[in-house]
Amino acid sequence: MESKSKGAPGFFDRERIKNSINWFVLLILFLGYALTFTVPKFFGATDRYVSLFLFCMLVLLYFNNVGFIYSLKTREKEIFFVAGVVLLNIINFIMIDSNKGAILVIGNLLMIFYLSTKVKLTKWQVYVISMLYFVLYCVLLVYNMLYDELVTFNPNTAATAAIYTFLVSFVALQKLAKKYDGLGVLIVFGMVAGFRLVFWHRARGAAIMLLAFFFFYYFWPKEWWRKKFAFPVWFFLATIGSLLFVAAYVLLGTTGINFQIPFFYKPLFSGRNRIWMEIFQLFKEKPFTGIGTGIELDAFWEFNIHNAMYDLIAVYGIPVFLAIVGFLYWRMNRLKECIFKSQLSRCAFCALLAVFFESYFDIDLIWADYGLNVMFLLFVIHWAEDKEAESGEV
């Protein structure tokens, strides 16, 4: 059962108001997400404002579910840690005279993970939002197969958006398949359609995301997460391992070796090695403050590092990077305990881990357009601590 408010009954019930505001944030962010990947003109008109809008929604969630007075009264260290990291980044960006808009990237990322244990969704919020994701996934499949001219994104983005959407929708699909045996076909349909889309678009990152989720959810035994070194090792591979991958990829690229990747019909080295090498040349001059943003690259037409962890360390510097990774580890290690209480929480946890590994090839873990995805998955993981989940209903 959901907790009952102690406030005034009726329309001004505090719990009802809080849930209504949470509904507003979830639905308005989902609407923006859906329009971004189905209406190209909407993406073009709003892309530069997405980080700011996401930040405003996160601030609204903070005041609705936590509040600054509560943080002060309880001497909550987490929100002041987040503020301290953002302040350090502001100082760094002032020192190197960088564009200040990128400050919102780490601000949003830290706030999303901070709120992961603060916002408690209702049963209907979990199921309705995840089902909306499945409807959107079906729409994206149609768009990609029949109306390719409507999709102005490059093939990697088109496929990644669809697979990312499918993984978030898996929460609802898992619940439906558990309750109604025949609806398990939706999961099979989603998986088959997803793999078809990945190979059609030759999207390596999306393929990694789908395969990683498939491995963590279906092959990695749940009880193995209880092993002492299991999560630390996987988290290391998902974060520091991403940087090691960048180094190995660049070094291998200098050897002149290149070949077509089976099934994807793309060369192993198709440009990222040049981007990553150029970024390293800039980063080694400013390792502690980071290089900032707004830099024109010779290796690519826009400032896109194509690796989330490399972006965090190169743009924001080593101290900020270590603070972010440490905060993410602390949060996810705590949330890991939820997967033993709820199958849906384990599903969301595996999906989030898959995004970390997909971000070896892109910045989708920290891209504002996908902010709702990360936030919703974290909320679902934490949902296991609610009374409904603990009672075995999920």
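Rules and cut-offs
- Residues numbered from 1 in each chain as written.
- Predicted model: local features only at pLDDT ≥ 70, side-chain atom pairs only at ≥ 80, totals over all residues.
- Heavy atoms only, no water.
- Helix = DSSP H or I, 4+ residues; strand = E, 2+ residues; numbered from the N terminus.
- Buried < 20%, exposed > 50% of the residue type's maximum accessible area, 1.4 Å probe, protein only.
- Contact = heavy atoms within 4.5 Å.
- pLDDT = per-residue confidence, 0-100.
- Polar contact = N/O pair within 3.5 Å; in protein donor to acceptor, adjacent residues only side chain to side chain.
- Axes fitted to C-alpha atoms, helices over the stretch in contact; angles between N-to-C directions.
- Parallel < 35°, antiparallel > 145°, perpendicular 65-115°, else oblique.
- Nonpolar A, V, L, I, M, F, W, Y, C, P; charged D, E, K, R; others polar.
- Disulfide = S-S within 2.5 Å.
- 1 Å grid on protein atoms, 1.4 Å probe; cavity = no way out; pocket = protein on both sides within 12 Å on 5 of 7 lines; lining within 4 Å.
- Points joined across faces, edges and corners; volume = space filled by probe spheres on them.
- Expected span 1.5 Å × (residues − 1).
- Arc of directions from axis to C-beta.

## Thoughts on the overall build of the protein chain
Link 1 in the chain: Counting its regular elements, the protein chain contains 18 helices and two strands.
Link 2 in the chain: Scored against the burial criterion, the 394 residues of the protein chain give a buried share of 54%.
Link 3 in the chain: Partitioning the contacts of the protein chain with sequence separation of at least 6, the portion at a separation of at least 24 is 77%.

## Focus on the confidence of the model for the protein chain
Link 1 in the chain: On average, the protein chain scores 87 in pLDDT, and the residues at 70 or more come to 89%.
Link 2 in the chain: Within the protein chain, no element has a lower average pLDDT than helix α18 (residues 387-390), which sits at 46, and none a higher one than helix α3 (residues 50-65), at 97.
Link 3 in the chain: Scored below 50 in pLDDT, residues 1-8 makes 14 contacts in the model with residues more than four places away or belonging to other chains.
Link 4 in the chain: Scored below 50 in pLDDT, residues 387-392 shows 14 contacts in the model against residues more than four places distant or in partner chains.

## Notes on the side chain of Asn108
Link 1 in the chain: Considering the arrangement of structural elements, one finds Asn108 in helix α6 (residues 103-115).
Link 2 in the chain: At a separation of 3.5 Å, a polar atom in the side chain of Asn108 contacts the main-chain amide nitrogen of Phe55.
Link 3 in the chain: Other than its neighbours up to four places away in sequence, Asn108 contacts Ser51, Leu54, Phe55 and Leu58.

## Thoughts on the packing of helix α11 (residues 230-238) against helix α12 (residues 240-253)
Link 1 in the chain: Two elements in contact, α11 and α12, have axes separated by 3 Å at closest approach and are oriented at 40°. One way to sum up the angle between α11 and α12 is to call them oblique. Taking contact as the criterion, the partners of Phe236, Leu237 and Ala238 in α11 are, on α12, Ile240, Gly241, Ser242 and Leu244.
Link 2 in the chain: Considering only residue class, the contact of α11 with α12 consists of five nonpolar, two polar and no charged.

## Observations concerning the state of the cysteines
Link 1 in the chain: According to the stated counting rule, one finds zero disulfides in the structure shown.
Link 2 in the chain: Of all cysteine sulfurs in the structure, the one in Cys347 sits closest to Cys350, which takes part in no disulfide; the separation is 7.2 Å.

## Points about unusual backbone geometry
With the exception of glycine, the majority of residues adopt a negative phi angle, and the majority of peptide bonds are in the trans configuration.
Link 1 in the chain: If you check the backbone angles, Arg75 has positive phi at about 55° while not being a glycine.
Link 2 in the chain: Here Arg75 shows up in the loop between α4 (68-73) and α5 (77-96).
Link 3 in the chain: Here Arg75 falls in the exposed class, since its relative accessible area comes to 72%.
Link 4 in the chain: Although it is not a glycine, Asp97 sits at a positive phi angle of roughly 55°.
Link 5 in the chain: Inspection of the secondary structure puts Asp97 in the loop between α5 and α6.
Link 6 in the chain: Among the residues examined, Asp97 registers a relative accessible area of 65% and is labelled exposed.

## Quick word on the environment of Leu237
Link 1 in the chain: Relative to the assigned elements, Leu237 resides in helix α11.
Link 2 in the chain: Judged by relative accessible area, which is 33%, Leu237 ranks as partly exposed.
Link 3 in the chain: Sequence separation between Leu237 and Phe356 is 119 residues, and the spatial gap between their C-alpha atoms is 9.3 Å.
Link 4 in the chain: Once you skip the residues sitting within four places of it in the chain, Leu237 turns out to touch Ser242, Phe357 and Tyr360.

## Some remarks on empty space enclosed by the protein
Link 1 in the chain: According to the stated counting rule, one finds four cavities of 30 Å³ or more in the structure shown.
Link 2 in the chain: Volume-wise, the largest cavity comes out at about 90 Å³.
Link 3 in the chain: Lining the largest cavity are 15 residues; nearest its centre among them are Leu54, Ile112, Ile366, Trp367 and Ala368.
Link 4 in the chain: If you list the elements that add at least two residues to the lining of the largest cavity, you get α3, α6 and α17 (371-382).
Link 5 in the chain: With five residues, α6 is the single largest residue contributor to the lining of the largest cavity.
Link 6 in the chain: Every residue lining the second largest cavity is listed: Asn156, Thr160, Arg204, Gly205, Ala206, Arg272, Glu358, Phe361 and Asp362.

## Overview of α5
Link 1 in the chain: End to end, α5 covers 29 Å across 20 residues, agreeing with the expected 28 Å (1.5 Å per residue, within 8%).
Link 2 in the chain: Along α5, the residues classified as buried are Glu78, Ile79, Val82, Val85, Val86, Asn89, Asn92, Phe93 and Ile96. The arc enclosing the buried residues of α5, seen along the axis, measures out at 150°, which places them on a common side. Exposed and oriented more than 90 degrees from the buried face of α5 are Lys77, Ile94 and Met95.

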